[in-house]
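Observations on the model geometry
Now for the letters of each chain:
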Amino acid sequence: MPFTSKIERQTDYNDFPSSIPIVIDNGASYFRIGWAGESEPRVVFRNIVQRPRHKTTGETVTIVGDHDPALLKYFDCTRSGPRSAFDSDVVYQFEIMEYILDFAFDRLGANGSEIDHPILITECVCNPVQSRSKMAELLFETYGVPSVAYGVDAAFSYKYNQQLGVCDKDGLAICPGFSTTHVIPFVDGEPVYQGSCRTNVGGYHITDYLKQLLSLKFPQHMAKLTWEKVEDLKMEHCYIAPDYFSEAQVFQKGTKEAEDKTRCWQLLWVPPPTEEPPSEEEIARKAAIKERQGQRLREMAEAKRSSRINELENQLHGLDFLLQQLEQVEENDIPSFLATTGYVSKQEIEASISKATHSLRKAKGEPKGEQAEIEESSTGEKYPLIHIPDHMLSLEQLKEKKRQIFLKTTTEGRLRAKQKRAEEGLERERKNQQDEERRLENPELYLEQMRAKYKELSEKVEQRKRLRTNGGHTNGNNPSGGVGRGERLNAAQRERMRLLTTAAFDRGKGEDTFGAKDEDWQLYKLMSKDNDDDEDGLDADEVELTRISSRLQEVDPTFVPKQEVVPSQSAPEPPRIRPLTKEDFQILIGVERFRCPEILFSPNWLGIDQVGLDEMAGVSIRRLPSKDPDLEEKLTSSILLTGGSCIFPGISERLEAGIRMIRPCGAPIKIVRALDPILDAWRGAALYAADLQFPEQTFSKMDYYEKGEDWLRRYQFLYTL
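Calculation criteria
- Residues numbered from 1 in each chain as written.
- Predicted model: local features only at pLDDT ≥ 70, side-chain atom pairs only at ≥ 80, totals over all residues.
- Heavy atoms only, no water.
- UniProt positions renumbered as here; feature names shortened; annotations may be inferred.
- Salt bridge = Lys/Arg side-chain N within 4 Å of Asp/Glu carboxyl O.
- Buried < 20%, exposed > 50% of the residue type's maximum accessible area, 1.4 Å probe, protein only.
- Helix = DSSP H or I, 4+ residues; strand = E, 2+ residues; numbered from the N terminus.
- Contact = heavy atoms within 4.5 Å.
- Polar contact = N/O pair within 3.5 Å; in protein donor to acceptor, adjacent residues only side chain to side chain.
- Core = buried A, V, L, I, M, F, W, Y, C linked by side-chain atoms within 4.5 Å.
- Axes fitted to C-alpha atoms, helices over the stretch in contact; angles between N-to-C directions.
- Parallel < 35°, antiparallel > 145°, perpendicular 65-115°, else oblique.
- Left-handed = near helix turned anticlockwise from the far one by under 90°.
- Nonpolar A, V, L, I, M, F, W, Y, C, P; charged D, E, K, R; others polar.
- Pairing = 2+ DSSP bridges.
- Phe/Tyr/Trp six-rings, centres within 6.5 Å; stacked < 30°, edge-to-face > 60°.

The name an unreviewed UniProt entry gives the chain is Actin-related protein 5, with Dipteronia sinensis as the organism. The record held by UniProt for the chain lists under Sequence similarities (unreviewed entry) the comment "Belongs to the actin family. ARP5 subfamily."

1. A look at the pattern of salt bridges
For the structure shown, the criterion picks out 27 salt bridges. Here R107 makes a salt bridge to D106, at a shortest N to O gap of 3.1 Å. The class for R107 is partly exposed, based on a relative accessible area of 22%. Given the relative accessible area of 30%, D106 is considered partly exposed. Residues E291 and R298 are paired through a salt bridge, measuring 3.2 Å at the closest nitrogen-oxygen approach.

2. What about helix α5 (residues 227-237)?
Among the residues of α5, those classed as buried are W227, V230, E231, L233, K234, M235 and H237. Elements that come into contact with the buried residues of α5 comprise β3 (43-46), α4 (203-217), β16 (263-266), β17 (586-589) and α19 (592-595).

3. Topic: the side chain of T181
The residue T181 is located in strand β13 (residues 181-187) in this model. Under the relative-accessibility criterion, T181 is labelled buried at 2%. Within the structure, the side chain of T181 is placed 2.7 Å from the backbone oxygen of V201, a separation counted as a polar contact.

4. Observations regarding the nonpolar core
With 43 residues, the main nonpolar core has L214, I587 and L655 as its most contacted residues. Of all elements in the fold, only β12 (171-176), α4, α5, β17, α20 (613-622), α21 (629-636), β18 (639-641) and α22 (651-662) reach the threshold of two or more residues within this core. Those residues within four positions of I587 in sequence are excluded, and the remaining contacts are L214, F218, H221, L225, R263, C264, W265 and L267. By size, the runner-up hydrophobic cluster in this structure holds 42 residues, among which are I24, W35, F94 and M135.

5. Observations regarding unusual backbone geometry
In this structure, S88 takes a positive phi of about 55° despite not being glycine. In this fold, S88 is placed in the loop between β8 (86-87) and β9 (90-91). Taking relative accessible area as the criterion, S88 reaches 25% and is therefore assigned partly exposed. For D188, which is not glycine, the phi dihedral falls at a positive 55°. Topologically, D188 is positioned in the loop between β13 and β14 (190-191). Judged by its relative accessible area of 60%, D188 falls in the exposed class.

6. Topic: the packing of helix α8 (residues 280-328) against helix α10 (residues 346-364)
Relative to each other, α8 and α10 sit at 155°, their axes nearing to 9 Å. Relative to α10, the element α8 lies roughly antiparallel. Handedness of the crossing formed by α8 with α10: left-handed. Tallied by class, the residues present in the contact of α8 with α10 amount to twelve nonpolar, four polar and eight charged.

7. Focus on the sheet that holds strand β1 (residues 22-26)
As summarised here, the arrangement of the six strands in space is β3-β2-β1-β10-β11-β20, forming an open sheet in which the pairing is mixed. Every other strand in the sheet has two partners, leaving β3 and β20 (699-700) as the edge strands with one partner each. As paired strands, β1 and strand β10 (residues 119-123) are joined by three bridges and run parallel to one another. Residue pairing in the sheet places V23 in a bridge with L120 of β10. Sheet strands in contact with helix α1 (residues 94-108) are β1, β2 (30-35), β3 and β10, and its direction is about 40° off that of β2. With respect to the sheet, helix α23 (residues 680-689) is in contact with β1, β2 and β10, its orientation differing from that of β1 by roughly 155°.

8. With respect to the packing of aromatic side chains
This model, assessed by the stated rule, comprises 18 aromatic pairs. Look at F140 and F699: their rings are 5.8 Å apart centre to centre, the planes differ by 70°, and that puts the pair in the edge-to-face class. You can see F140 sitting in helix α2 (residues 129-143) and its partner F699 sitting in strand β20, a full 559 residues away along the chain. Each member of the pair, F140 as well as F699, carries the same accessibility label: buried.

The following block contains the structure:
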C-alpha cells in the first residue's frame, strides 16, 4: 500500500543540538525529512506544489503536498494543477523546490530564518553537477545551512539492508522509482557507478497508463478517475504476470479464472425509489375525494344550467311581449317602433324567438327531431338579414349579416357532409349485405375473390403512394431525362400552377389592382386550394380497401392485414432509455491489472526505446570494468529490489525468469526485496548521518565559496563507515 502523508508540525526542534544532522529523502514522489539516528521520518508529504486562487477573495495561495481534497473546494484549481520540481528524477525547478523546503522546515519545527543543522539530502544516480550546484546554492544562501552532503537513495537502501543481512556485499540494487528505474552494481559493499543503468519508466508512467485505459473503457466515469484514486487502484490491484501472453489469453477466452481475477470498484449509486401500490384505504380515500369533487362540479353545472334556463325564459317572455306590442302598432309606425327596440323587422324578432326556444330546449335537455333540424336550417327564420339590402341596415347589422352568411354556409356544408356520410353508410350496408349473400352461396369462392380484390387494391394504393413520393419511379431514383415535376402533377395541381403563373404575369403589367373585384377573390380561393381531383379515386380505393380488410377479418380468422404506411415513410421508433442500474456504476479492472505494470519490462509500449527491467541487469553487469565470471555470479546471487514500484506481486519471479534468459545455464540467481522498499532509503541515510565520521564527508559553506562548482563535480559520498 502507498505510504501515507504526515504533515503535523513538530514541536521539539529546539531540543536537538546543532550537531544533529537533518536527513532529507528528496524523492520525485514523496518528500521525507527527519533527524539522524531515528527510525522514522518526522514529516512525509507529496513532493508537489499547487498555486490556486481563492474563489471568494481571488488571492493566490501556495499549497504544498497532498492536502485534504475537502479544503481544495474553496479554491479554483483549473488554471494551476499540481507541479513537481523534478524531471526524470533530476531537480530543475528550484523555485518550486524552495516552496517545498520552506514547508518541510516549517513542519519540522524550525522557527528562525536559518537552519543551523548539517543536512544530508538524497539524489539520483549520476546527478548533473548543475542540479547539485543549484541545490547547494539554495541550501547555503537561502537557509544558511552550515554543511551539506549528497548521497544516492538506492545506495543507502542497499547498505541498510546489507547491514541487516538481507543482501551481500557484492550484488545489484534495482530501484524502480516514481519516474525512472536505476540499476547499481555493488562490489565489496561500494557502489560502482560506472556500471549503473537507467530507464525513464517508473510508477508515474504505470499510473498514467492505467488512467488512460480506464478512461477509454469507462468514459462516463472519467470525472471519478482522479490521479489519486487511480494511484490507489494501482497499488491495490495491479500485479506482474509470470508470462504476459499466457495471462492475456486467459482473459481473452473469458474463463472462470479470468472472472476470478477481475476486480470491481463500486461507485456511489443510489437506487431509484420503488413505487409501492396504494393500499385499499388510500384507494378509498382518493375515490371519496374524487366523488366529492365530482359532486361539487355537478352542483356548479346544475346551478349554471338553472341560471341559463331562467335567463332564456326571461328573454323569451320579453320577445313575446315585444311581438305582441308590435301587432298592436299601426303599419306606418312600425319602422319608428322597431328603431327604438334595435330590431329591423318582425322576421328578425321571430328568428330571435326561435333561436331562444332552441337554446332553451337544449339547456333543458329536450330531444329535437328531424323536423326541428329542418326548421332550424330554414334561411328565413334563422338568417333574417341575408335577404335585406345593405342600405337598409346599420353598421352593426351589416356585421351581423356577414356573420349570418358565414353561419349559413357552414351549416349547409355540415348538413351536406352528414347526408353524404349517411348515404355512404347505406351504401356500405348494401355492399356488406350483398357480400354476405355471396358468401352464403359459395364461401370458398367468396374468400378467394375477396383476397384477390384486397391484393389488387393494396398494390394499387401502394403503387400510387410510391409514384407520388418518388416522382414516377418505383425505385426512388430519377435518372437524367426522366419525368420532371411538372409531368408528375395531377390536373388540379397543374390548374393551380397555371393560375399562379397567369396572376404573376398580369400583375407585372401596369398597376396592381388584384383584389378590387369579387372575381379576384374567387380566383384567390381557387389558387389557395391544393386539392387533387385524382385523389378522389385514391380515397375511394382506400375506403374500399379498409372495408374489405375489416370484412376479411370478420370472416377469415387467418387473415393478417398489411401495413398501411409505406416503410420508407414510417417514422423511426424513438430510442428507449434504459434505467441505470448498480452495474452501470461499476469499474471493472481485468486485463489492466497486469497490462499496466508490464511497461517496466516493455518500455517500448509507451514509445520509449529503452531496455526493460530484466535486461537492465545484464547491461549493468557488462558495463563493469572487471569481466570476472565469479564476480558476475556473485552479483546475480544478491539482487535487491527497492523503490516504490517494486511492491507489485510477482515482480521477483518475473525478474528472475527474465534474468535467467540472459545468463548462462545454471548461473545462480537470487532476488530479494528490501524490508521496506519505500522508507529504507531514508533509514539508511539516517543511520549513516548518525555516525561519528559523517562530518568528515560533508562540505561546508566556506568550502563551497572557496572551491566552487568544480569541487562539487569531484564530490562523492563514501559509504564505508
